[in-house]
Amino acid sequence: MHPNKKRLRRSMMFLNCQKPGLIKDPYIYKPDSIMLDLEDAVAENQKDAARYSLYHALQEIDYRGVERVVRINGLDTPHWKEDIRVCVAGGADTIRIAKTETAQDVKKEFGRPEGSTLLMAALESCKGVLNALEVCQSSDRLIGIALSGGDYTKDLQTTITGTGVELMGARQHMIMAA
């Protein structure tokens, strides 16, 4: 078993890879994990620059034991393959697969030895939530699933309220699957 698979993850700090100043020293806040974002936070015309910053950060910055998770662009975009290449070459600890809807999304061939890079699946649609059990059983490298509330409520054609009641069913379903 990968030594980080059972790692304690209480806090995760999201950081935009498009802004190198944000990704150089987040370890000072002592999060359990950092989420280096190549997806929604990065402007379409800045994807290559963000990947460049990510690669150099992964190679050169000592994050002092903080887990380095990279949120890649969705598998329905032209960006994900290059995102994976940079994550693997840079040595990311975990890759978060955006817009996961099926087990096949997790089983994509990433070209790494089995177990060397962990995976996390972000469920962002009704289909993804309904397939949560299948997604959870898809790979021994999968460390968890996450709900992207914004995209999920958009798929439901509703909005996030102060109570979060619109997310309750999805959260319960995901907990049972996990």
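Residues numbered from 1 in each chain as written. Predicted model: local features only at pLDDT ≥ 70, side-chain atom pairs only at ≥ 80, totals over all residues. Heavy atoms only, no water.

1. Some points on the environment of Leu119
Thinking step 1. Here Leu119 lies in strand E5 (residues 118-123).
Thinking step 2. It is 4.6 Å that separates the C-alpha atoms of Leu119 and Leu142, two residues lying 23 residues apart in sequence. (Helix = DSSP H or I, 4+ residues; strand = E, 2+ residues; numbered from the N terminus.)

2. With respect to the side chain of Asp93
Thinking step 1. Residue placement: Asp93 occurs in the loop between helix H3 (80-90) and strand E4 (94-100).
Thinking step 2. There is a polar contact of 2.8 Å between the side chain of Asp93 and the backbone nitrogen of Arg68.
Thinking step 3. With sequence-adjacent residues up to four places away left out, Asp93 is seen in contact with Val66, Glu67, Arg68, Thr117 and Leu118. (Polar contact = N/O pair within 3.5 Å; in protein donor to acceptor, adjacent residues only side chain to side chain. Contact = heavy atoms within 4.5 Å.)

3. Notes on H3
Thinking step 1. By the burial criterion, the buried members of H3 are Trp80, Asp83, Ile84, Val86, Cys87, Val88 and Gly90.
Thinking step 2. Buried residues along H3 sit against helix H2 (47-60), strand E3 (67-71) and E4.
Thinking step 3. Downstream of H3 by one or two residues, Gly91 has phi in the positive range, about 90°. (Buried < 20%, exposed > 50% of the residue type's maximum accessible area, 1.4 Å probe, protein only.)

4. Concerning unusual backbone geometry
Thinking step 1. Positive phi values are uncommon outside glycine, yet Lys30 reaches one of about 60°.
Thinking step 2. Here Lys30 shows up in the loop between helix H1 (20-23) and strand E2 (33-37).
Thinking step 3. With a relative accessible area of 68%, Lys30 lands in the exposed category.
Thinking step 4. Even without being glycine, Arg64 reaches a positive phi, approximately 55°.
Thinking step 5. By the element assignment, Arg64 lies in the loop between H2 and E3.
Thinking step 6. On the basis of relative accessible area, Arg64 is assigned to the exposed category, the value being 59%.

5. Side note on the environment of Asp76
Thinking step 1. With respect to the helices and strands, the residue Asp76 is situated in the loop between E3 and H3.
Thinking step 2. For Asp76, a relative accessible area of 62% translates into the label exposed.
Thinking step 3. For the pair formed by Asp76 and Lys99, sequence separation is 23 residues and the distance between their alpha carbons is 8.4 Å.

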